[in-house]
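# Report on the structure
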2 protein chains.
Amino acid sequence: MRPVSEPGRTYAGAGVDIEARGRAVARIRELARETQGPQVLAGVGPFSALYRLEGYRQPVLVSSTDGVGTKLVLAQILDRYEALGEDLVHLCVNDILTAGAQPLFFLDYIANNGLTEEQKVRLVSGMARACRAVGCALVGGETADMPDVYRPGDFDLAGFVVGVVERDEIPDPAAVREGDVLLGVPSAGIHTNGYALIRDIFRLGKGLPREEEREILARPYAALGGTLGEALLAPHRSYYREVQAVRGLVKGIAHITGGGLPENVPRVLPEDLAAEIETARWTPHPIFALIQEAGGVSQREMYRTFNMGVGLVLVAAPERAAAVQAAVPEARVIGRVVRRRGPEGALLL
Amino acid sequence: MRPVSEPGRTYAGAGVDIEARGRAVARIRELARETQGPQVLAGVGPFSALYRLEGYRQPVLVSSTDGVGTKLVLAQILDRYEALGEDLVHLCVNDILTAGAQPLFFLDYIANNGLTEEQKVRLVSGMARACRAVGCALVGGETADMPDVYRPGDFDLAGFVVGVVERDEIPDPAAVREGDVLLGVPSAGIHTNGYALIRDIFRLGKGLPREEEREILARPYAALGGTLGEALLAPHRSYYREVQAVRGLVKGIAHITGGGLPENVPRVLPEDLAAEIETARWTPHPIFALIQEAGGVSQREMYRTFNMGVGLVLVAAPERAAAVQAAVPEARVIGRVVRRRGPEGALLL
């Protein structure tokens, strides 16, 4: 593991700028340290990260791991590593927020072949910023240099987060009733799912010359009010503040990732209930229409691939809906819970 | 995250055998479930894994992340995925054992371009077996299909483990004194560090035809009592049993990974002390001599790249050495703690 010392890389020897690496390691440690409170124990456990857990009656540890998928291909084309580090933290943290957890600590895995020390620092810098935003300590990581597995300049990222929640404060799907309302909170755009389809449509990461790929991404679209690249690299939004605000008010929290609304909302419902979602209730970000048109993608496929403008769905009793909206002004009712009649856990109207 | 549902993959659509995938997902869930005790909460938290923590006075959470490095290239050539899954768990778990932790749960990240469903199942099967061996629950994971990032058939693995230890049971480097003894526990071979160098020497993963690579690995060596491939793919040994056995007897535990003895042993010593290691005290596995000769590698470089036959080092007061050896009969004294005189934290004699 990375933080305390970096023994795993010295043998690479030839061609490695030891001084640049030393400076990068020092900077990475500093970035990590800035995220760490007194719960993180220093000076012990040099092979691992130590986090003191205090003040919980019935602690349940909540964990998740995920990667940014091939959004990283776009970040690479446009040299936007910091934002990608933020994406990684937020997408993992959002997953554990659905269980009502407070994020405690985060670890990252960066595998690469020839990322510069500066690029690695920028990735970690983005992670550190995102960790600070959600009160989470960046406690460790691994940077694996993998010649012959990754092509020169290529890399991959995985994140791992652990949080904690009191046993009796975990949102319980069994409490969901017919007639409960579904409230959607907007996404910032694509977030981190569906990039394989997007790259197929716009021919990104498909062997075109880098300059040509940059031109595709630099193209401005009136509907977007900016370039394609800016819209596609909009960061994965964190729902930390929103989930804190609705603590105790909701019965279920769904993070809308791969599979979209139809696959993610039913995950927080009992098996005999389904989600009825009225898609006319909100207007997705124009990037979705642009993708649909450019790729000739069906409406059904769009909703099963992308979040379509809703990144988080909250399930609440009807009498709590107003309180949820007072806590999260952006939340709007997008549907309701109905009795399940067929194989589909979600009906999109 | 993988375990509860697999929404993130459906849009890949064309070319994916949905039924085979469904069977693989079911099998992976079953494998994971077999590792899970009552601490793992099911039916809640569909976007994350939930683990109930009970019975600790002053719990400290100990975490680590790591990858198998380019050992995976050799596993790929010889189609040995299960063993690689075991490697991944043991190398991560060994890291947290150094803090005296009991492993609680493990998550994996598998990124790939075109691994078969069967290969994925075999990877997870190895992980599940290793998790069971150390009383750890395999609670989650992510399988990321990454076309255009990985070449067809290529993949990468990262593991994340969380354990727990009582605050006052963490081995404390500050307790180490001049004259304390260093006891080494044998490695099973290379473990998971140094494979970039090995692959350079034996031209593995360097573009030779796959058949030729298989021939290189199938070559028997009298000194090894078997083939090169068998020796190079010997599993990363778990030190779970050994660390349990010396609980309360040792002041420091070092996992000998990248950087070898010279870089890893000093990590568990105070800054004013150093490790004096008598290399004549043990005989490394013959694979190390074979690599050294085939590659013309210096003795110094060998000790800084490989574990050289010692996978774990225990630091104990001299009067405890006999008790440590009674608990771990394989452990043998390989050196002692001395006052530090120069920049080196370890002196190899």
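For the structure itself, look to the data block above.
In this text the structure is predicted, and so the values were computed from the model without any measurement.

### Side note on the interface of chain B and chain A
Each side of the interface is counted separately: chain B has 80 residues, and chain A has 81 residues. Summed over both partners, the interface of chain B with chain A comes to about 6400 Å²; 60% of that surface belongs to carbon and sulfur atoms. Counting across the interface, chain B meets chain A through four salt bridges. Between B:Asp148 and A:Arg199 there is a salt bridge, with the nearest N and O atoms lying 2.8 Å from each other. Summed over the shared surface of chain B and chain A, the result is 21 residue pairs in polar contact (both at pLDDT 80 or more). Broken down by element, the side of chain B that touches chain A gets its largest block of residues, nine residues, from strand E3 (residues 59–67) of chain B. For the side of chain B that touches chain A, a count of residues per class yields 42 nonpolar, 21 polar and 17 charged. By the bridge criterion, four bridges tie strand E2 (residues 49–52) of chain A to E3(B) in an arrangement that is antiparallel.

### Notes on the packing of helix H5 (residues 195–202) of chain A against helix H10 (residues 286–295) of chain A
Residue and element names in this part refer to chain A. The interhelical angle for the contact between H5 and H10, taken along N-to-C directions, is 55 degrees, at an axis separation of 9 Å. The pairing of H5 with H10 is recorded here as oblique in orientation. For the crossing formed where H5 meets H10, the hand is left-handed. Counted together, Ile198, Ile201 and Phe202 of H5 and Ile291, Ala294 and Gly295 of H10 form the full contact between these two elements. Across the contact of H5 with H10, the residue classes tally to five nonpolar, one polar and no charged.

### Some words on the packing of aromatic side chains
Tallied over the full model, the rule gives eight aromatic pairs over all chains. Ring geometry for A:Tyr51 and A:Phe105: centres 5.4 Å apart, planes at 40 degrees, overall tilted. Taken together, the residues A:Tyr51 in strand E2 and A:Phe105 in strand E4 (residues 102–112) connect sequence positions 54 residues apart. Classification of A:Tyr51 as buried rests on a relative accessible area of 9%. The lysine or arginine in question, A:Arg267, covers the ring of B:Phe47, its NZ or CZ lying 4.2 Å from the ring centre.

Conventions we followed
Residues numbered from 1 in each chain as written. Chains lettered and ligands numbered in written order. Predicted model: local features only at pLDDT ≥ 70, side-chain atom pairs only at ≥ 80, totals over all residues. Heavy atoms only, no water. Contact = heavy atoms within 4.5 Å. Buried area = accessible area lost by both parts, 1.4 Å probe. Salt bridge = Lys/Arg side-chain N within 4 Å of Asp/Glu carboxyl O. Polar contact = N/O pair within 3.5 Å; in protein donor to acceptor, adjacent residues only side chain to side chain. Helix = DSSP H or I, 4+ residues; strand = E, 2+ residues; numbered from the N terminus. Nonpolar A, V, L, I, M, F, W, Y, C, P; charged D, E, K, R; others polar. Pairing = 2+ DSSP bridges. Axes fitted to C-alpha atoms, helices over the stretch in contact; angles between N-to-C directions. Parallel < 35°, antiparallel > 145°, perpendicular 65-115°, else oblique. Left-handed = near helix turned anticlockwise from the far one by under 90°. Phe/Tyr/Trp six-rings, centres within 6.5 Å; stacked < 30°, edge-to-face > 60°. Buried < 20%, exposed > 50% of the residue type's maximum accessible area, 1.4 Å probe, protein only. Lys NZ or Arg CZ within 6 Å of the ring centre and 35° of its normal.

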